[in-house]
Amino acid sequence: MTRTGVWKKEGGAFKKVLAVAKPSKGKSPRFYAPEDVKKPLAKKATDGPTKLRASITPGTVLILLAGHFKGKRVIFLKQLPSGLLLVT
C-alpha cells in the first residue's frame, strides 16, 4: 500500500503516488458524529459602560494590574463613554 503525497522515482522523473483505497476490516469508526449539534450561545449585549465601583471616584489613586505599566500608581480622572477609565 502507498500513501498520498509520497514521491516515487520512476525512470528519470519523480511522480506523485496516488492514494490507494484500503480494504475494510469491518471495524467500527473511532469517533461517532454527535446526534444533536450544539448551537452557539447567544451573545449578551451590554448597554453602555461597565458599572464602576463606588469607591472609585475622581482623584482616587489606583494601581494598574496588567500591561506595560503594571504596578504603577495612577490617579483616576473619569470613565469614558466606551467604558475605559481615563487616568494620569
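What you are looking at is a predicted structure, and each value in this text was computed from that prediction instead of being measured. (Residues numbered from 1 in each chain as written. Predicted model: local features only at pLDDT ≥ 70, side-chain atom pairs only at ≥ 80, totals over all residues. Heavy atoms only, no water.)

Caption draft 1: Layout of the overall build of the chain. For the chain, the helix and strand inventory stands at 0 helices and 5 strands. Reading the helices (α) and strands (β) of the chain from amino to carboxyl end gives β-β-β-β-β. Considering only contacts within the chain whose residues lie at least 6 apart along the sequence, 16% involve residues at least 24 apart. (Helix = DSSP H or I, 4+ residues; strand = E, 2+ residues; numbered from the N terminus. Contact = heavy atoms within 4.5 Å.)

Caption draft 2: Spatial organisation of the sheet that holds strand β4 (residues 73-79). In space, the 3 strands of this open sheet follow the order β3-β4-β5, with antiparallel pairing throughout. The two strands at the open ends of the sheet, each matched to only one other strand, are β3 (61-63) and β5 (85-87). For this sheet, the mean inter-axis angle between neighbouring strands, taken without regard to orientation, is 60 degrees. Note that β3 and β4 share 3 bridges and pair antiparallel. Directly across from V61, in β4, lies its bridge partner I75. (Pairing = 2+ DSSP bridges. Axes fitted to C-alpha atoms, helices over the stretch in contact; angles between N-to-C directions.)

Caption draft 3: Expanded view of the pairing of β4. As paired elements, β4 and β5 share 3 bridges and run antiparallel to each other. The residue of β5 that forms the bridge with K78 is L86. Count of turn residues in the β4/β5 antiparallel hairpin: 5 residues, of which G83 carries a positive phi of about 105 degrees.

Caption draft 4: Molecular detail of the confidence of the model for the chain. Averaged over every residue, the pLDDT of the chain is 82; the share at 70 or more is 85%. Across the chain, the element-wise mean pLDDT spans from 77 in strand β1 (residues 6-10) up to 97 in β3. (pLDDT = per-residue confidence, 0-100.)

Caption draft 5: Up close: the side chain of T60. Structurally, T60 is set in the loop between β2 (13-17) and β3. In terms of polar contacts, T60 uses its side chain to reach the backbone carbonyl oxygen of T57, at 2.6 Å. Setting aside anything within four residues of it in sequence, one finds T60 in contact with S55, V74, I75 and F76. (Polar contact = N/O pair within 3.5 Å; in protein donor to acceptor, adjacent residues only side chain to side chain.)

Caption draft 6: Inspection of the pairing of β1 at higher detail. As judged from the 5 bridges shared by β1 and β2, these two strands associate in the antiparallel manner. Bridge pairing in β2 links V6 to V17. Hairpin geometry of β1 and β2 is characterised by an intervening segment of 2 residues between the two adjacent antiparallel strands and by a positive phi of about 75 degrees at G11.

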